[in-house]
Amino acid sequence: MAIDDYSQRRYLRWTTGERIQHWILAISFFVLGITGFALKFPESWWAWPFRITGSFDLRGLLHRIAATFYIALSLYHLAYLVFTQRGRAQWRELKPRLRDLLDLKSQVLYNLGWLRVRPKYGHYTYWEKMEYWALVWGTVIMVLTGLALWFENISLRIFPLWVLDVATVIHYYEAILATAAILVWHFYFVIFDPLVYPLNTSMISGSLTQEQMEEEHAEELEKLAEMEEEESEGPIDLLKSEKEDVVRGVSV
Ligand code: HEM
């Protein structure tokens with residue numbers, strides 16, 4: 001597939017604000033990963049930039065600065081989901097449903113060649129939702145354990161020392177899991193999947209092509225077509241639900 005194709009009709013996937021959220025998340029996560037593993041393995045060859053500062057601990061400082069951005073972004077994202085109309089519609093689309101399990105089953109059967117018709121997905125596929133919820137869960141763990149390590153004095157006034165030792169172990173193993181999830185899982189779906197290779201550029205352009213919609217969000221595309229047909233037939237119903245407004249809003 002061409003890296004980006006503006007000859008086709010395009011469908012808005014992410015607003016500018018959502019893309020900014022994604023890139024703040026990506027940059028702060030990257031800095032947290034590099035500085036975190038440099039804290040754990042200070043003698044490794046790739047950690048050399050952090051050694052040139054001598055006694056000054058650049059790793060710890062950058063880790064805490066990136067963590068502040070990460071936590072602020074997480075709180076902003078929560079407020080976005082609660083207080084904005086588009087955020088609430090995103091939340092409705094992201095909520096886990098029984099349908100996701102059925103989709104997973106159909107996709108596995110299809111991949112095995114036991115189902116002829118490829119499953120059709122709405123705004124989010126079940127694997128996108130799984131990734132989102134894994135990120136939410138991982139963030140809760142990293143923030144709680146990270147803050148316990150950061151404010152060691154306060155933690156030790158509340159908990160015995162072994163709790164802090166356990167928090168350190170959890171923080172470290174969750175860091176490995178989260179980094180592996182990004183490198184293997186996320187990068188597969190947005191880069192290495194043969195259907196999207198060399199890159200799903202929607203986090204840059206904000207939109208998907210007709211072809212990409214047909215491949216991964218065929219059900220949403222059908223819904224949009226139905227709505228457009230209804231609108232062309234008569235007056236637009238101004239009392240349409242919020243959900244519909246946002247789905248309609250995705251077409252550019
Ligand atoms: C977002 C909230 C986070 C906070 C508040 C936080 C905070 C901390 C703190 C205070 C330390 C100890 C630093 C020191 O010894 O100077 C630490 C260590 C570490 N962090 Fe984070 N961190 C966060 C997220 C992350 C993430 C997302 C990763 C990796 C993807 C990560 C990876 C690590 C690693 C590998 C260590 C070293 C653990 C060890 O020594 O066993 N952290 N973190």
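It should be noted that the structure appears before, not after, this text.
Predicted model, so just to flag it, every value in this text is computed and none were measured. (Residues numbered from 1 in each chain as written. Predicted model: local features only at pLDDT ≥ 70, side-chain atom pairs only at ≥ 80, totals over all residues. Heavy atoms only, no water.)

Draft legend 1. View of unusual backbone geometry. The amide bond that connects Tyr197 to the next residue, Pro198, takes the cis arrangement and shows omega of 10°. For Pro198, the position within the fold is in the loop between α8 (161-192) and α9 (202-205). (Helix = DSSP H or I, 4+ residues; strand = E, 2+ residues; numbered from the N terminus.)

Draft legend 2. Molecular detail of the packing of helix α4 (residues 85-94) against helix α6 (residues 126-150). At a closest axis distance of 10 Å, the pairing of α4 and α6 adopts a crossing angle of 110°. In terms of orientation, α4 and α6 fall into the roughly perpendicular class. Contacts from Trp91, Glu93 and Leu94 of α4 reach α6 at Lys129, Tyr132 and Trp133. (Axes fitted to C-alpha atoms, helices over the stretch in contact; angles between N-to-C directions. Parallel < 35°, antiparallel > 145°, perpendicular 65-115°, else oblique. Contact = heavy atoms within 4.5 Å.)

Draft legend 3. Molecular detail of a nonpolar patch on the surface. There is a patch of nonpolar side chains on the surface, built from Leu98, Leu101, Leu102, Leu104, Val108, Leu112 and Trp114 and spanning about 750 Å² of accessible area. Note that Leu112 resides in the loop between α5 (98-111) and α6. (Patch = residues over 30% accessible without salt bridge, like charges linked within 9 Å, V, L, I, M, F, W, Y side chains within 5 Å. Areas by Shrake-Rupley, 256 points an atom, 1.4 Å probe, with all protein chains shown as cover. Salt bridge = Lys/Arg side-chain N within 4 Å of Asp/Glu carboxyl O.)

Draft legend 4. Spatial organisation of the site of the ligand. What surrounds the ligand is a group of 22 residues, the closest being Gly36, Lys40, His63, Arg64 and His171. Residue Lys40 places a side-chain N or O atom 3.5 Å away from an oxygen atom belonging to the ligand. A distance of 3.2 Å separates an oxygen atom of the ligand from a polar atom in the side chain of Arg64. Every element with two or more residues in the shell around the ligand is listed here: α1 (16-40), α3 (58-83), α6 and α8. If you tally residues by element for the shell around the ligand, the top one is α1, at seven residues. (Near = heavy atom within 4 Å. Polar contact = N/O pair within 3.5 Å; in protein donor to acceptor, adjacent residues only side chain to side chain.)

Draft legend 5. View of the coordination of the iron atom of the ligand. Note on the iron atom of the ligand: its protein donors are His63 (NE2) and His171 (NE2). The metal-donor distances range over 2.0 to 2.1 Å. Taken together, the six donor atoms coordinating the iron atom of the ligand and their angles of 86 to 179° define a geometry best described as octahedral. One end of the pair, His63, is in helix α3; the other, His171, is in helix α8, with 108 residues separating them in the sequence. For the pair His63 and His171, a shared accessibility class is recorded, and that class is buried. (Donors = N, O, S within 2.8 Å, 3.2 Å for Na, K, Ca; no water. Tetrahedral: all angles 85-135°; square planar, octahedral: opposite > 155°, others 65-115°. Buried < 20%, exposed > 50% of the residue type's maximum accessible area, 1.4 Å probe, protein only.)

From the geometry alone we can't say anything about function, so treat these as descriptive.
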